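Structure at a glance
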Amino acid sequence: MIRRLVLAVLVTALPLLAMLATAVSTGAPPAGASTSTTSYWLVASDGGIFSFGGAQFYGSTGGMVLNKPIVGMASTPDGGGYWLVASDGGIFSYGDAQFYGSTGSMTLNKPIVGMAMTADGAGYWLVASDGGIFSYGDAQFYGSTGSIVLNKPIVGMAAPVSGGYYLVATDGGIFTYPTTGGPPFYGSTGSLVLNKPIVGMTVVAGGYYLSGSDGGVFTYPTTGGPPFLGSTGSIVLNKPIVGIAG
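About the thresholds
- Residues numbered from 1 in each chain as written.
- Predicted model: local features only at pLDDT ≥ 70, side-chain atom pairs only at ≥ 80, totals over all residues.
- Heavy atoms only, no water.
- Pairing = 2+ DSSP bridges.
- Helix = DSSP H or I, 4+ residues; strand = E, 2+ residues; numbered from the N terminus.
- Axes fitted to C-alpha atoms, helices over the stretch in contact; angles between N-to-C directions.
- Contact = heavy atoms within 4.5 Å.
- Buried < 20%, exposed > 50% of the residue type's maximum accessible area, 1.4 Å probe, protein only.
- Core = buried A, V, L, I, M, F, W, Y, C linked by side-chain atoms within 4.5 Å.

1. Details of the sheet that holds strand 5 (residues 81–86)
The strand order 4-5-6 describes an open sheet built from three strands, whose pairing is antiparallel. The open sheet has two edge strands with one neighbour each: strand 4 (70–75) and strand 6 (91–95). Averaged over neighbouring strand pairs, the angle between their axes works out to 20° when direction is ignored.

Structure (structure tokens):
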């Protein structure tokens, strides 16, 4: 079942070259952090940050000359900071986000396309378009698609609090790590003919969402899984969707 999640107002209102969102639910936030139950940031490819729902602004690369464009971000568990990652794997830390390492000085086989944080925020993973994984801080390596011939390139990753991580390809194919005892597989768009390629995924309690570049959202499991809240699938967007977080 194809379902879609509304991101329309934000996307059409902001002329971003590229845009990603990351959302946090805050319990007992640190001083200066948001007390909102849900808040999020949008980040442009120049690292410009847009804060919504009480999310605090901790800094950006918006005024910097970057070697490579920003391709993703992740927030700390308490919402008191965030990381930005560029396509060369360069990491920019703001607020209470700690720097644990980067691929900025390495020669990569493929560009970095996303990142995910560990449950305690004391580490993170970077993922390249071939599915190669780079682990920093307390992030554990559980496996990768780096040695696999992929039908489509990897475009993102997500890490549930239970441990392990998912990788998602542009056709919506899902790879779970560790392969034994890892995050549950709820389904994928791998066998579907998509209007637009998958650009990202996010995990929520009991399942995950996949998003297409037109803002079409696929929910898994399709029965009893995350709720369908709408989509931008029928809207003409100024710029394509490039990520989803929930």
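2. A short note on the side chain of threonine 103
By the secondary structure assignment, threonine 103 is in the loop between strand 6 and strand 7 (112–117). Aside from chain neighbours lying at most four places away, what touches threonine 103 is Asp88, Gly89, Leu108, Ile112, Leu126, Phe134 and Tyr136.

3. Comments concerning unusual backbone geometry
Cis geometry is found at the peptide bond from tyrosine 177 to proline 178, where omega equals 0°. Tracing the backbone shows proline 178 in the loop between strand 12 (174–177) and strand 13 (198–204). Here tyrosine 220 and proline 221 are connected by a cis peptide whose omega angle stands at 0°. Following the sequence through the fold, proline 221 ends up in the segment after strand 15 (217–220).

4. Some thoughts on the sheet that holds strand 10 (residues 154–158)
Reading across the sheet, the three strands line up as 10-11-12 and stay open at both edges, with antiparallel pairing between neighbours. Every other strand in the sheet has two partners, leaving strand 10 and strand 12 as the edge strands with one partner each. Pairwise comparison of adjacent strand axes, ignoring direction, gives a mean angle of 20° for this sheet. Pairing of strand 11 (residues 165–169) with strand 12 involves four bridges; the strand directions are antiparallel. Residue pairing for strand 12: tyrosine 165 is matched across the bridge by tyrosine 177.

5. Looking at the environment of proline 183
Tracing the chain through its elements places proline 183 in the loop between strand 12 and strand 13. Relative accessible area serves as the criterion here: at 5%, proline 183 is assigned to the buried category. Once the C-alpha coordinates of proline 183 and tyrosine 166 are considered, the two residues, 17 residues apart in sequence, prove to be 7.4 Å apart.

6. With respect to the nonpolar core
Val155, Ala158, Tyr166, Val168, Ile174, Ile198, Met201, Val203, Tyr208, Leu210, Phe218 and Tyr220 form the largest nonpolar core, which has 12 residues in total. Mapped by element, the contributors of at least two residues to this core are strand 10, strand 11, strand 13, strand 14 (207–212) and strand 15.

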